[in-house]
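Observations on the model geometry
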Amino acid sequence: MSELAILGGKPAVTGAWPRWPVLGQRERELMDEVLASSLWGGTGLGPKITELNSKFAAYCDTKYGAAVANGTVSMELCLQAWGIGPGDEVVVPAATFFATSVAVHHQGATIVYADIDPKTANLDPASFEAAIGEHTKAVIPVDIAGHPADMDAIIAIARRRGIKVLEDAAQAHGAIYKGRKTGSLGDAGSFSFQQSKNMQSGEGGFVCSNDGGFIDLIHYSIGKFGRGVREKYAGHVHYNFGWNACYTEIQAAIALGQLERLEKQTAYRFENAKRLITELQGIEGFTPFCYEPYCTRHGHHLLMARFEAGGFEGVSRAQFLAALNAEGVPASSFYPMPLYEQPVYGTDPKLKMRSLPCPETEKICREVLFFEQNLLLAEPDRMGEIAGAVRKLRRGAKELLGIKVKQDDYMGSAVLRQARKTAAQ
Ligand SMILES: Cc1ncc(COP(=O)(O)O)c(C=O)c1O
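Residues numbered from 1 in each chain as written. Predicted model: local features only at pLDDT ≥ 70, side-chain atom pairs only at ≥ 80, totals over all residues. Heavy atoms only, no water.

Turning our attention to the domain arrangement of the chain. When the parts of a complex come together, some accessible area is lost, and that lost area is often used as the size of the interface. According to the domain assignment, the chain consists of domain 1 (25-257) and domain 2 (262-338 + 350-424). Between the C-alpha centres of domain 1 and domain 2 the distance comes to 27 Å. The interface is formed by 44 residues belonging to domain 1 together with 36 residues belonging to domain 2. Approximately 3,500 Å² of surface area, both sides summed, lies buried where domain 1 meets domain 2, with 59% of it carried by carbon and sulfur atoms. Area buried by domain 1 at its contact with domain 2 is led by Ala145, His147 and Asn198, which between them contribute 18% of it. Connecting domain 1 to domain 2 are one salt bridge. Among the ionic pairs, Glu89 bridges to Arg354, the shortest N-O distance being 2.9 Å. In this assembly, domain 1 and domain 2 are joined by 26 residue pairs in polar contact (both at pLDDT 80 or more). Elements supplying a minimum of two residues to the side of domain 1 that touches domain 2: α2 (47-59), β3 (110-114), α5 (125-131) and β8 (176-177). Considering each element in turn, the side of domain 1 that touches domain 2 owes the most residues, five residues, to β3. Within the side of domain 1 that touches domain 2, the residues separate by chemical class into 23 nonpolar, 14 polar and seven charged. (Domains from an automatic or database assignment. Contact = heavy atoms within 4.5 Å. Buried area = accessible area lost by both parts, 1.4 Å probe. Salt bridge = Lys/Arg side-chain N within 4 Å of Asp/Glu carboxyl O. Polar contact = N/O pair within 3.5 Å; in protein donor to acceptor, adjacent residues only side chain to side chain. Helix = DSSP H or I, 4+ residues; strand = E, 2+ residues; numbered from the N terminus. Nonpolar A, V, L, I, M, F, W, Y, C, P; charged D, E, K, R; others polar.)

Laid out in structure tokens, this is it:
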């Protein structure tokens, strides 16, 4: 009989992986305080949100911050605060979660998709520069998986051309670029506190910046129906057009608890990731992403790798992922196509978009796979188990060729699939 678990053999890994989120007494205490206060939501200016705004902004090495409903609306509010709208162009990498694009489209601006650097899967500064036209008003580099984008190079180009830089750090809480925290590097930084993120409150988002007037505009006004800022903040007087982007006190209580764990967890994940990357070296067809010299610390929302069928006896990525999951190692892939190929562009003529050639994006969409952050919270010696499972599959690669799998089964989030499985039990 085959040794491979997917063909009836014994799984390489039998121990459970750490559950996400990590929850402790602290979240319960903070939540109890909110419940007892009777202020659960309301204006979005309550004490827990105020505390979170200053604490998370400080954590990100910025002076000011505003918690908002989610990490998509957070970017939209930034673009709105800068007056970006129809006729303006915003450069976005073609390999990111569609949320980055959604924020631009909701402002009615035109997206120009640019290619990625194959070493990091982040916006390639040269492609960004090539994408700039006379209407370019902003660029949104994304710190994908938690590896910082090459912000100095991007900012230098942007400054020369008067372009705003909005760092989409939704996947990069606690990551560090040349000694500076992600989120602090551009004109503004945007985070997500959605369920799968390394700091989360179910849903939620955050904008941080050193520009107090800009944060006030988002916090008091355009995130709250366009009311006036500070002393002009009043129930039914509207000076701007805005959204209901309110975060709640209940969410802030959870986020404050999660924030207390963030630094330790981020450092722990980074150490485990370095161990895992070392253990994964030299496997033909399977190449983990490493760190660029400017990456002081990777935030590791994900640990990504490239899977090349050609180096793996012709096994497809979906076959490999099915087999790896059967071995007891959750892994997935994402972003099945460059964003400019998303079907919505064929059906909704409102969405304005053009694209540069993006060969690296097209390649990564075919090759990428990832382990989610919760695996990196396991005991250090379990990193060897992950690498061991990959090596086991490499040895048995020829046997995998015949297995039948649906590619779609491995496009989701392993953490969410795990959560659904746990909930169903
Ligand atoms: C790169 C990126 N940008 C933006 C978002 C949007 O965040 P949210 O889900 O909080 O709206 C996400 C994740 O969801 C993301 O991964």
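Having put the structure on the table, let's press on.
A word on the pattern of salt bridges. Oppositely charged side chains are able to pair whenever their charged atoms sit close together. In this structure the tally under the stated criterion is 23 salt bridges. Ionic pairing is found between Arg230 and Asp216, a salt bridge with its closest N-O pair at 2.7 Å. You can see Arg230 sitting in the loop between α7 (212-222) and α8 (249-279) and its partner Asp216 sitting in helix α7, a full 14 residues away along the chain. As a salt-bridge pair, Glu385 and Arg382 come within 3.2 Å of each other at their nearest N and O atoms. Here Arg382 and Glu385 lie together in helix α12 (residues 382-395), a separation of three residues that amounts to about one turn. In this structure Glu385 comes out as partly exposed when scored by relative accessible area, which is 30%. Note on Arg382: relative accessible area 12%, which makes it buried. One salt-bridge network, held together by shared partners, links Glu284, Glu313, Arg394 and Lys398. (Buried < 20%, exposed > 50% of the residue type's maximum accessible area, 1.4 Å probe, protein only.)

Moving on, we get to the pairing of strand β11 (residues 205-209). Extensive coverage of β11 is indicated by the burial of five of its five residues. Bridge count between strand β1 (residues 64-68) and β11: five bridges; the pairing is antiparallel. Bridge pairing in β11 links Tyr64 to Ser209. Sheet topology note: the strand β10 (residues 188-192)/β11 ladder contains four bridges and is antiparallel. Note that in β11 the partner of Ser192 across the bridge is Gly205. (Pairing = 2+ DSSP bridges.)

What follows concerns the site of the ligand. Within the structure, the ligand sits among 16 residues, and Gly71, Thr72, Asp168, Ser192 and Lys197 are positioned closest to it. In the model, an oxygen atom of the ligand is placed 3.5 Å from a nitrogen or oxygen of the Asn70 side chain. Interatomic distance of 2.7 Å between a backbone N/O atom of Gly71 and an oxygen atom of the ligand. Coverage of the ligand by the protein amounts to 92% of the 380 Å² it exposes when considered alone. Of the residues in the shell around the ligand, the class split is five nonpolar, nine polar and two charged. (Near = heavy atom within 4 Å. Areas by Shrake-Rupley, 256 points an atom, 1.4 Å probe, with all protein chains shown as cover.)

This part takes up the nonpolar core. Counting 34 residues, the largest nonpolar core has Leu276, Phe286, Phe320, Leu324 and Phe371 as the members making the most contacts within it. Elements that contribute at least two residues to this core include exactly α8, β14 (302-307), α9 (317-326), β16 (368-372), α12 and α13 (397-400). Among the elements that make up this core, the one with the highest residue count is α12 (six residues). Setting aside its immediate chain neighbours within four residues, Leu276 contacts Leu303, Phe371, Leu376, Met383, Ile386 and Ala387. (Core = buried A, V, L, I, M, F, W, Y, C linked by side-chain atoms within 4.5 Å.)

This paragraph deals with the environment of Phe371. Tracing the backbone through its elements, the reader meets Phe371 in strand β16. In this structure the C-alpha to C-alpha distance between Phe371 and Val329, which are 42 residues apart in sequence, comes to 8.4 Å. When sequence neighbours within four positions are dropped, the list of residues in contact with Phe371 reads Leu276, Leu280, Phe286, Leu302, Leu303, Leu324, Val329, Pro330, Ala331, Ile386 and Val390.

Ordered by their spatial adjacency, eight strands build an open sheet running β1-β11-β10-β7-β6-β2-β3-β15, and the pairing between neighbours is mixed. Edge strands, defined here as strands with exactly one partner in the open sheet, are β1 and β15 (353-355). Sheet twist, expressed as the average angle between the axes of neighbouring strands with direction ignored, equals 25°. Here strand β2 (residues 89-93) pairs with strand β6 (residues 136-139) via three bridges, running parallel. Counterpart to Glu89 in the pairing with β6 is Thr136. Along the sheet face, α2 touches β1, β10 and β11 and points at about 130° away from the line of β1. (Axes fitted to C-alpha atoms, helices over the stretch in contact; angles between N-to-C directions.)

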